[in-house]
Amino acid sequence: MGQPFNEIVVDAVGRAWVDMPGAAPWEDPKPGIVAVVLSDGSCKQVAEDVWFPNGMVVLGDDTLVVAESHADRLTAWTITHSGELADRRVWADWDRGRPRTASVRRRRAIWYASVPGQRCTRVAEGGEVLDTIDVDRGCFACMLGGDDGRTLFIVANRYGAAGASDGIVLTQPVDAPHAARP
């Protein structure tokens, strides 16, 4: 497909979903794509017009949610049996910080990381903010894990015109455990 992929999530049947931003964060925004890599190694584009796709989760066995950083929303599709995406819809949208990457908790809520907002936020389907963890630098990624799935791991870094400077991994205990893929 000519450009590097950015993020990956694997579904329950072993398909790898990958995204490719249309532009770097410092470039003028343009749409990117989502592709799927099948078990035979073949790759096909399954979604376009995705504004800086930048983090994905699979809910249950049949819903792919992608963070669109340049559109301030989480977009969902139904995953078909054949590995296509159907029924594109907005899962959550807002104007408070750009979604970066996502990790799911029960009750169909997703944690997303925000570089400019310097926080991780848990949102319910529809966009209601349920929880926020503020840090002293940009949050690049978050993922629930630990022995019981109740630790939010946050990759954070100071980031500016000179680039990144002092990345760290933070941990934060949370109430509800991990409930999706990854």
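Residues numbered from 1 in each chain as written. Predicted model: local features only at pLDDT ≥ 70, side-chain atom pairs only at ≥ 80, totals over all residues. Heavy atoms only, no water.

(A) Spotlight on the pairing of strand E8 (residues 85–93). The pairing of strand E7 (residues 73–79) with E8 spans 6 bridges and is antiparallel. Looking at the pairing, Ile79 lines up with Leu85 of E8. (Pairing = 2+ DSSP bridges. Helix = DSSP H or I, 4+ residues; strand = E, 2+ residues; numbered from the N terminus.)

(B) Structural context of the sheet that holds strand E17 (residues 168–173). Overall, antiparallel pairing links the 3 strands, which are arranged E13-E14-E17 in an open sheet. Across the chains shown, the open sheet's two edge strands, defined by having one partner strand only, are strand E13 (138–145) and E17. Mean inter-strand twist for the sheet, computed between neighbouring axes without regard to direction, equals 25 degrees. Direction of pairing for E13 relative to strand E14 (residues 151–157): antiparallel, over a ladder of 7 bridges. Bridging across to E14, Gly138 finds its partner in Asn157. (Axes fitted to C-alpha atoms, helices over the stretch in contact; angles between N-to-C directions.)

(C) Molecular detail of the sheet that holds strand E5 (residues 53–59). Strand order in the open sheet formed by 4 strands is E5-E6-E7-E8, with antiparallel pairing between adjacent strands. If you trace the sheet from one side to the other, it starts and ends with E5 and E8, each paired once. Each neighbouring strand pair of the sheet contributes to a mean axis angle of 25 degrees, computed without reference to strand direction. Across 5 bridges, E5 lies against strand E6 (residues 63–68) in antiparallel orientation.

(D) Geometry of the environment of Ala71. Along the chain, Ala71 turns up in the loop between E6 and E7. In sequence terms Ala71 and Trp51 are 20 residues apart; their C-alpha atoms lie 5.8 Å from each other.

(E) Focus on the side chain of Arg119. Secondary-structure assignment places Arg119 in strand E11 (residues 119–124). The charged side chain of Arg119 is buried without a salt bridge, its nearest counter-charge being Asp134 at 4.9 Å. (Buried < 20%, exposed > 50% of the residue type's maximum accessible area, 1.4 Å probe, protein only. Lys, Arg positive; Asp, Glu negative; His and termini not counted. Salt bridge = Lys/Arg side-chain N within 4 Å of Asp/Glu carboxyl O.)

(F) Representation of the pairing of strand E2 (residues 16–20) within the structure. Summarising burial for E2: 5 of the 5 residues are buried, a large majority. On E2, burial covers both faces: Ala16, Val18 and Met20 on one face and Trp17 and Asp19 on the other are all buried. The sheet contact formed by strand E1 (residues 7–10) and E2 spans 4 bridges and is antiparallel. Among the inter-strand pairings, Glu7 is bridged to a residue of E2, identified as Asp19. Between E1 and E2, which pair antiparallel and follow one another directly, the connecting turn spans 5 residues, one of which, Gly14, has a positive phi of 95 degrees. As defined by bridge partners, E2 adjoins strand E3 (residues 32–37) across 5 bridges and the pair is classed as antiparallel. Of the residues in E3, the one forming a bridge with Val18 is Ala35.

(G) Structural detail: the nonpolar core. Trp17, Val34, Leu64, Val66, Trp77 and Leu85 are the most contacted members of the largest nonpolar core, which has 14 residues in total. Secondary-structure elements contributing two or more residues to this core are E3, strand E4 (43–50), E5, E6 and E7. Other than its neighbours up to four places away in sequence, Leu85 contacts Trp17, Val34, Val46, Ala47, Leu64, Trp77, Thr78 and Ile79. (Core = buried A, V, L, I, M, F, W, Y, C linked by side-chain atoms within 4.5 Å. Contact = heavy atoms within 4.5 Å.)

(H) Quick peek at a nonpolar patch on the surface. Together, Phe153, Val155 and Val169 line one region of the surface with nonpolar side chains, adding up to about 240 Å² of accessible area. Looking at the secondary structure, you find Val155 in strand E14. (Patch = residues over 30% accessible without salt bridge, like charges linked within 9 Å, V, L, I, M, F, W, Y side chains within 5 Å. Areas by Shrake-Rupley, 256 points an atom, 1.4 Å probe, with all protein chains shown as cover.)

(I) Spatial organisation of the pattern of salt bridges. Applying the stated criterion to the full structure yields 10 salt bridges. Salt-bridge contacts for Arg89 lead to Asp87; the nearest nitrogen and oxygen are separated by 3.2 Å. For Arg89, a relative accessible area of 24% puts it in the partly exposed group. In this structure, Asp166 engages Arg158 in a salt bridge whose closest nitrogen and oxygen atoms are separated by 3.2 Å. Owing to a relative accessible area of 28%, Asp166 belongs among the partly exposed residues under this scheme. Of the residues examined, Arg158 reaches a relative accessible area of 35% and is grouped as partly exposed. Among the charged side chains, a salt-bridge network with shared partners connects Asp136, Arg137, Arg158 and Asp166.

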